[in-house]
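Below, each chain spelled out in residue letters.
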Amino acid sequence: MKTARRVAKRRALHIVQGGIDNGDKRWLERAAARGLTTDRWVVPKSALVGDEVVVYVRGYGLFATAMISSPPRPRKDWPNRYGAGLRSVRRIDPPISLGVLGRSVPGLQWTKYPRSITTPESGIADAIRQLVDERRKHRGAEVDEQLLDEAGLDELRALALAKASPRATAHRRQVTTRTRASAIKFYAVARANGRCEFCGHAAPFLKEDGKPYLESHHILRVADEGPDHPQNVIGVCPNCHRRAHHAKDKERIKTQMRKRVVRLERQRNGRL
Ligand SMILES: [Zn+2]
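Residues numbered from 1 in each chain as written. Predicted model: local features only at pLDDT ≥ 70, side-chain atom pairs only at ≥ 80, totals over all residues.

Asks: Which parts of the structure should I look at to understand the overall build of the chain?
Replies: Scanning the chain from N- to C-terminus turns up seven helices and seven strands. Helices (α) and strands (β) of the chain occur, in sequence order from the N terminus, as β-α-β-β-β-β-α-α-α-α-β-β-α-α. Based on the C-alpha atoms only, the size of the chain along its principal axes is roughly 80 × 50 × 40 Å. Per-residue burial over the chain gives 33% buried out of 272 residues. Sequence-distant contacts, at least 24 apart, represent 61% of the contacts inside the chain between residues at least 6 apart. (Helix = DSSP H or I, 4+ residues; strand = E, 2+ residues; numbered from the N terminus. Buried ≥ 20, exposed ≤ 12 C-beta atoms within 10 Å, placed from the backbone. Contact = placed C-beta atoms within 7 Å.)

Asks: Would you mind going over helix 5 (residues 170-192) with me for this structure?
Replies: The α-helix winds at 3.6 residues per turn, so residues separated by three or four positions along the chain end up facing the same way. When the terminal C-alpha atoms of helix 5 are compared, their 33 Å separation across 23 residues agrees well with the 33 Å that a helix rising 1.5 Å per residue should span. For helix 5, the complete set of buried residues consists of T179, A183, I184, F186, Y187, A188, V189, A190, R191 and A192. Just downstream of helix 5, N193 is the residue with a positive phi angle, here 55°. (Expected span 1.5 Å × (residues − 1).)

Asks: I keep staring at the pairing of strand 5 (residues 82-96) and nothing clicks. Help me out?
Replies: Note: strand 2 (residues 38-43) against strand 5, four bridges, orientation antiparallel. Its bridge partner lying in strand 5, V42 is registered against G83. (Pairing = 2+ DSSP bridges.)

Asks: Help me out: how do you make sense of the sheet that holds strand 5 in this one?
Replies: Paired through backbone hydrogen bonds, the strands of a sheet run either parallel or antiparallel to each other. Strands sit in the order 1-3-4-5-2 across an open sheet of five strands; the sheet is mixed. For this open sheet the edge positions go to strand 1 (13-18) and strand 2, each flanked by a neighbour on one side alone. The average angle at which neighbouring strand axes cross in this sheet is 40°, direction not considered. Helix 3 (residues 122-138) rests against strand 1, strand 3 (52-57), strand 4 (61-74) and strand 5 of the sheet, and its axis sits at about 50° to strand 5. (Axes fitted to C-alpha atoms, helices over the stretch in contact; angles between N-to-C directions.)

Asks: Is there a simple way to think about the confidence of the model for the chain in this case?
Replies: When pLDDT drops low, the exact placement of atoms in the prediction is not to be read closely. Residues with a pLDDT of 70 or more make up 93% of the chain, whose mean pLDDT is 90. The spread of mean pLDDT over the elements of the chain runs between helix 5, the lowest at 85, and strand 3, the highest at 98. (pLDDT = per-residue confidence, 0-100.)

Asks: Mind showing me how you'd approach the pairing of strand 3 here?
Replies: Put simply, side chains in a regular strand alternate between the two faces of the sheet. Both strand 1 and strand 3 contribute to a ladder of six bridges, which runs parallel. Each residue of the ladder has a partner; that of H14, found in strand 3, is V53. Sheet topology places strand 3 next to strand 4; six bridges connect them, and they run antiparallel. In the strand pairing of strand 4, V53 is matched with A66. The antiparallel hairpin formed by strand 3 and strand 4 contains three residues in its connecting segment, where G59 sits at a positive phi of about 90°.

Asks: Can you walk me through the domain arrangement of the chain in this structure?
Replies: How big an interface is tends to be stated in terms of accessible area lost as the parts join. Domain annotation of the chain identifies domain 1 (13-138) and domain 2 (153-271). One C-alpha centre belongs to domain 1, the other to domain 2; they are set 32 Å apart. (Domains from an automatic or database assignment.)

Asks: What is the right way to read the environment of V143 from this model?
Replies: Within the secondary structure layout, V143 lies in the loop between helix 3 and helix 4 (153-161). Given 27 C-beta atoms within 10 Å, V143 falls into the buried group. Separated by 100 residues in sequence, V143 and V43 have C-alpha atoms that sit 29 Å apart. If near-sequence neighbours (up to four positions away) are discounted, V143 is found in contact with V100, A151, E155 and L159.

Encoded structure:
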């Protein structure tokens, strides 16, 4: 007996690029909010109508998804580039950082040199789709402890603010609480971006992995019921950290640190 059943061909998934300075990122945000379309996004020449795209924005990660709505045509303003229509733009929030993507989809070689457009093979495309679905469902709270080291600032912040579901098992709640506590420490150091958030000096040295050495400090001690929240943690140099614990004027330092971090978080909220 002949097997006449035809397997529907899966739509391809293309990773494409979006810039910040050229307004792409702003456009994606507006397009997602208002259902805008474009007719000239740079895609691989082989792309077909109905294919999916994932847009990578440097410094953010996988930022949005969309669907190809018109066939690629040569761009008059850009030699050897093809522009196609996009519709159904949706944000990925927080964006999936390159570090988390690389660790979660190790077969995706593109993460090592993410400056071009690419069409990964179907197994890898499925892994990316799954990662995007997870992100949309859990909004960053799904990033586990093993990935903290690779996570981006937006992912760490999402994780720091995540709450354990009241329906989660006791074990799952405990894991979430622990991961959150670690995420908050990673987040404060990442937010500091190589400079002490208190005195403003550069980190005293680089670690073996090349990242600047800073410490995270709970402004109100957890034992004093200090909330485990991004507004209560500061990324500081070892000197300022010791000062905060032992200085004669540590109460004044505590007040100043608190003001500083509240301001930093307010700026960040304005940006997001
Ligand atoms: Zn300092």
